[in-house]
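Listed here are the chains, written in short residue letters.
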Amino acid sequence: MLSKTIEAALNEQVKIEAQSSQVYLAMASWAEGQPGIDNITQFFYRHSDEERMHMLKLVHFINERGGTAVIPSLEKPKEAFDSIKQAFKELLEHEIMVSESINKLVDITLGEKDYATYNFLQWYVAEQIEEEALARTLNDKLELIGEEKSGLYLFDRDILNVNVEGGDEA
Ligand code: FEO
């Protein structure tokens, strides 16, 4: 059985994952309107789907542990970006924010001595390490490319092989 404190903290994370899905969906939709970056577009759509799965995993856990998951209203995400580089920079910043939120949540479970939830959250801890590392790698590559169109062509080609980890385990 979840304590009220843990239930509220998990529901807060439900909102963050749902908002993440919205933010990346907006990036995907924007990218779809830009010429020649079909794979980048698909990357953002996939990432949005992964975040929805992160949210669902939390919803199921809360309900199965005797709590009540709350499906939240969301903020309207940003619609347009200055550049692809800018979108990926915001993606990294967003993931760093999510990692901080997961870490706080883990702290709360330890304070409450809720080891079942602590154990459940280890999946998210590992997931955030993967997602932040991926976002950093992609940002580093975009930094190297600079304004070169040929570099962006290769970046779009290579991102086809990048997997956003973890969603299929949800
Ligand atoms: Fe589920 Fe990328 O945070």
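Everything below is about the structure printed above this text.
The following refers to the structure shown. Small disclaimer: the values here were computed from a predicted structure and weren't measured.

Calculation rules
- Every chain's residues receive numbers from 1 upward, in the order its sequence appears when written.
- Per-residue local features are limited, in this predicted model, to residues with pLDDT of at least 70; the limit for side-chain atom pairs, both in listing and counting, is 80 or more; totals at the level of whole chains, interfaces and linings are taken over all residues.
- Calculation of side-chain values draws on the structure's entire complement of heavy atoms; hydrogens and water are dropped beforehand.
- Here a helix means four or more residues in a row that DSSP labels H or I, a strand means two or more in a row labelled E, and each is numbered from the N terminus.
- A radius of gyration in this sense is built from C-alpha atoms; the matching globule rule multiplies 2.2 Å by the number of residues raised to 0.38.
- Only protein chains enter the accessibility calculation, which uses a 1.4 Å probe. A residue is then buried if its area is under 20% of the maximum for its type, exposed if over 50%, and partly exposed in between.
- Only heavy atoms enter the contact rule, under which two residues are in contact if any of them lie within 4.5 Å.
- Here the Shrake-Rupley method, with its probe set to 1.4 Å, supplies the accessible areas, and only the displayed protein chains count as covering residues.
- The convention is simple: Lys and Arg are positive, Asp and Glu are negative, and His and the chain ends are not counted.
- A single reference atom marks each charge: NZ on Lys, CZ on Arg, CG on Asp, CD on Glu.
- Throughout, nonpolar core names a set of buried Ala, Val, Leu, Ile, Met, Phe, Trp, Tyr and Cys residues whose side chains join them through atoms within 4.5 Å.
- Any carboxyl oxygen of Asp or Glu within 4 Å of a side-chain nitrogen of Lys or Arg constitutes a salt bridge here.

### A word on the overall build of the chain
Here is step 1 of the chain: On a plain count of helices and strands, the chain comes out with 5 helices and 0 strands.
Here is step 2 of the chain: Secondary structure elements of the chain occur, N-terminal to C-terminal, as α-α-α-α-α.
Here is step 3 of the chain: Scaling as 2.2 N^0.38, a compact globule of 170 residues should have a C-alpha radius of gyration of about 15 Å, and the chain matches this with 17 Å.
Here is step 4 of the chain: In terms of overall dimensions, the chain has a C-alpha envelope of 55 × 25 × 25 Å along the principal axes.
Here is step 5 of the chain: Looking at the chain as a whole, 48% of its 170 residues qualify as buried.
Here is step 6 of the chain: Within the chain, residue pairs in contact and separated by at least 24 positions form 81% of the contacts whose partners lie at least 6 positions apart.
Here is step 7 of the chain: Taken as a whole, the chain presents about 9200 Å² of accessible surface, with 52% of it coming from carbon and sulfur.
Here is step 8 of the chain: Side-chain charges in the chain split into 16 positive and 32 negative, and the spacing between the mean points of these groups amounts to 2 Å.

### A closer look at the nonpolar core
Soluble globular proteins tend to pack their nonpolar side chains together in the buried interior.
Here is step 1 of the chain: Formed by 24 residues in total, the largest nonpolar core has its most connected members in Ile40, Phe43, Phe44, Phe88, Phe155 and Ile159.
Here is step 2 of the chain: Listing elements by their share of this core, those giving two or more residues are helix H1 (4-32), helix H2 (38-64), helix H3 (84-111) and helix H4 (115-145).
Here is step 3 of the chain: In terms of residue count, the dominant contributor to this core is H1 (6 residues).
Here is step 4 of the chain: Each residue touching isoleucine 40, except ones within four places of it in the same chain, is listed here: Ile84, Phe88, Leu152, Phe155, Asp156 and Ile159.

### Let's talk about the pattern of salt bridges
Here is step 1 of the chain: Enumeration over the complete set of coordinates arrives at 7 salt bridges.
Here is step 2 of the chain: Note that lysine 4 is salt-bridged to glutamate 7, the shortest N-O span being 3.1 Å. In this pair, lysine 4 and glutamate 7 both sit in helix H1, 3 residues apart, roughly one turn of the helix.
Here is step 3 of the chain: Residue lysine 4 is classed as exposed on the basis of its relative accessible area of 66%.
Here is step 4 of the chain: Exposure remark for glutamate 7: the relative accessible area of 11% places this residue in the buried category.

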